[in-house]
Amino acid sequence: MANVVKYLSNMKIIVYFCTNKLLKLKKVVIIGSGFSSLASACYMAKAGYEVVVLEKNEQLGGRASLMEIDGFRFDMGPSWYWMPDVFERFFADFGKKVSDYYQLEKLSPAYRVVFGENDYIDIEDSPEKIVQTFENIEKGSGKHLRNFMNGAQENYRIAMQNLVYNPGISLLELLSVESAKRLNLFVKNISQQVRANIKNPKLRSILEFPVLFLGAKPNKTPAFYNFMNHADFGLGTWYPKGGFNAVALGMVKLAKELGVQFFVNEEVTEINFTENQVKNVKTKHGIYEADVFISGADYAHTEKLLHKNRNYSENYWQKKTFAPSSFLYYVAFNRKVQHLLHHNLFFDTDFEEHAKEIYDTKVLPKKPLFYANFSSKTDDSLSPEGKEIGFFLIPVAVDLEDNEEIHEQYFQLILDRIKKCTGEDLSDAILFKKSFGVTDFKERYHSCRGNAYGLANTLLQTSVLRPSIKNKILKNFFYTGQLTVPGPGVPPALISGKVVTDYILKRGV
Ligand SMILES: Cc1cc2nc3c(=O)[nH]c(=O)nc-3n(C[C@H](O)[C@H](O)[C@H](O)COP(=O)(O)OP(=O)(O)OC[C@H]3O[C@@H](n4cnc5c(N)ncnc54)[C@H](O)[C@@H]3O)c2cc1C
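All residue numbers refer to positions counted from 1 along the written sequence of the respective chain. Given that the model is predicted, a residue must reach a pLDDT of at least 70 before its local features are reported, and side-chain atom pairs must reach 80 or more before they are shown or counted; all residues, however, enter totals for whole chains, interfaces and linings.

Draft legend 1. Just the sheet that holds strand β9 (residues 261-263), in detail. Paired strands, in this sense, are two strands between which DSSP finds at least two bridges. Under the DSSP-based scheme used, a helix requires at least four consecutive residues in state H or I and a strand at least two consecutive residues in state E, with every element numbered from the N terminus. Taking strand neighbours across the sheet as the criterion, the five strands line up as β9-β2-β1-β13-β19 in an open arrangement whose pairing is parallel. Since the sheet does not close on itself, it has two edges, and those belong to β9 and β19 (477-479), each with one partner. Strand-to-strand twist of the sheet, defined as the mean angle between neighbouring strand axes without regard to direction, takes the value 20°. Bridge count between strand β1 (residues 27-31) and strand β2 (residues 50-54): five bridges; the pairing is parallel. Bridge pairing links Val28 to Val51 in β2. Working convention: axes come from line fits to C-alpha atoms, limited for helices to the stretch in contact. Angles between N-to-C directions cover 0 to 180 degrees.

Draft legend 2. Summary view of the sheet that holds strand β12 (residues 287-289). Judged by pairing direction, the sheet is antiparallel, and its three strands sit side by side in the order β10-β11-β12 without closing on themselves. A strand with exactly one partner marks an edge of an open sheet, and here the two such strands are β10 (270-273) and β12. Taking each pair of neighbouring strands and ignoring which way they run, the sheet shows an average axis angle of 25°. In terms of strand pairing, β10 meets strand β11 (residues 278-282) through four bridges, oriented antiparallel. Its bridge partner being in β11, Asn272 is matched across the sheet by Asn280.

Draft legend 3. Representation of the site of the ligand. Every one of the 38 residues lining the ligand counts as a neighbour, but Gly32, Gly34, Gly62, Pro78 and Gly481 are closest to it. Those elements giving two or more residues to the shell around the ligand turn out to be α3 (35-46), β14 (325-333) and α18 (490-507). With three residues, α3 is the largest single contributor of residues to the shell around the ligand. Residues are grouped as follows: Ala, Val, Leu, Ile, Met, Phe, Trp, Tyr, Cys and Pro are nonpolar; Asp, Glu, Lys and Arg are charged; every other residue, Gly included, is polar. A breakdown of the residues in the shell around the ligand according to their chemical character gives 16 nonpolar, 17 polar and five charged. Whether a residue is near a molecule or strand depends on its C-beta atom, placed from the backbone, lying within 6 Å of it.

Draft legend 4. Structural detail: unusual backbone geometry. With an omega of -5°, the peptide bond between Ser108 and Pro109 qualifies as cis. The residue Pro109 is located in the loop between β5 (104-106) and β6 (111-116) in this model. The amide bond that connects Val485 to the next residue, Pro486, takes the cis arrangement and shows omega of -5°. Structurally, Pro486 can be placed in the loop between β19 and α18. Residue Asn265 is not a glycine yet carries a positive backbone phi of 50°. Of note, Asn265 is situated in the loop between β9 and β10. The burial label depends on the number of other C-beta atoms within 10 Å of a residue's C-beta. Counts of 20 or more mean buried, 12 or fewer mean exposed, and intermediate counts mean partly exposed, with C-beta atoms placed from the backbone. With 13 C-beta atoms counted inside 10 Å, the residue Asn265 sits in the partly exposed group. A positive phi is found at Arg449, a non-glycine position, where the angle reads about 60°.

So far we have only geometry, and geometry alone does not tell us how the molecule works.
Structure, rendered in structure tokens:
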């Protein structure tokens, strides 16, 4: 007995039921602090729950972590702020505005797509300007683009009003007159749709780019998802001052105002249950009891902790189409970069080949596309005066084995391609760099197979066909985040947090 007492005190057991009982508040424990967890924490707190968030890493925000070195401030994950309406709607649910928590700037131009030596297209900040750009490159394409964008805008409206805020529990959710009218858009893919009228390969690849955020090849993504083109051209590319981490911190601030308690360096290592209820979760510092549990940590990782009560087998996760993993580089430059913008996509190689290497053959890519970001071009606060931060991303297959040496080879490839396409040699301007890859995704985020941003939105991984938000056996255990509904990306993560909370509150636990 004495041993047990000693063990318990050594473990600094944190048991919250006392406050819980005194105040008669129901309690929820949320695993992870990514955007989905932060959103569900806010909604659960607003509904009157006592909320505790447990985060494995040293900071809050999940993939939107901040790496700060010698006055250089790198966003470690997301950098494209799209669908500002989703963020506005989130804060409005709490009687607040985005501007109460962080400041936004619309980027103009939105981004640059590089196709070769001094060969690039800048995407401007309004649909009319973009139509003009298309028309200048391919006569007649402006008209097609306008039609395409009208359809995309309508799909966006339907998706936001009728589809993405559903829990993905019943097929009935998909039945509405408007969605029924669009069934053909689920059968057709986005590639077929784009290629029907636009002939220029550069314009085609620009129109296929937005669905890459959904994690699958354009020819595997239903045409209905062209609503992402409305997000791109119609709603524009925005920048949150201070970087994407500022968005996460804004949500943390709101959550704290609502009474949410956060614990970092607090990895959940065990989930303990009785027959059909989770009782508590364990970390190395203690045990947390609650009435309801929500995991915003990687779904497949969470499942491992549930043992016989998991929803899906290991084999299920092996068969799923994951969004790519990535090689990432965070680079400090001792001067400003001259010939590129804030966001730059290097589409100067064959995307078909690269896509095959990511999704089919799953090998290291020969000539990958990549993304280069210099957000200190917009925001002085991210780097010391006169200097620049660079963030580079190469999408790669999940499950690849990688190491520093491999990362270095691909970094050289990036520098060579930037030099070839823009004439600018950045190799002599590097102060320091850090790389991050497949293995790091597994270690830092417990990411299944090293995925960078979840489970792709293919036809067979949409809505009710995605991993369920509820555990089928444990009545008080739920899931949120990029592996469940509605899908990958920051706006869907926010929506996922709302969806799971609405479901819990409606159903009652
Ligand atoms: C490099 C990169 C670039 C991206 N770019 C964009 C972009 O430009 N725009 C965009 O909209 N989206 C982008 N995304 C996708 C977007 O960041 C994610 O879809 C979104 O942030 C996922 O949020 P989440 O809440 O589902 O999960 P996460 O952010 O992964 O949060 C899960 C959290 O759970 C924690 N956790 C795991 N296991 C445990 C445990 N056992 N105990 C406690 N905590 C645990 C993890 O540490 C993590 O903090 C990008 C992602 C990456 C990686």
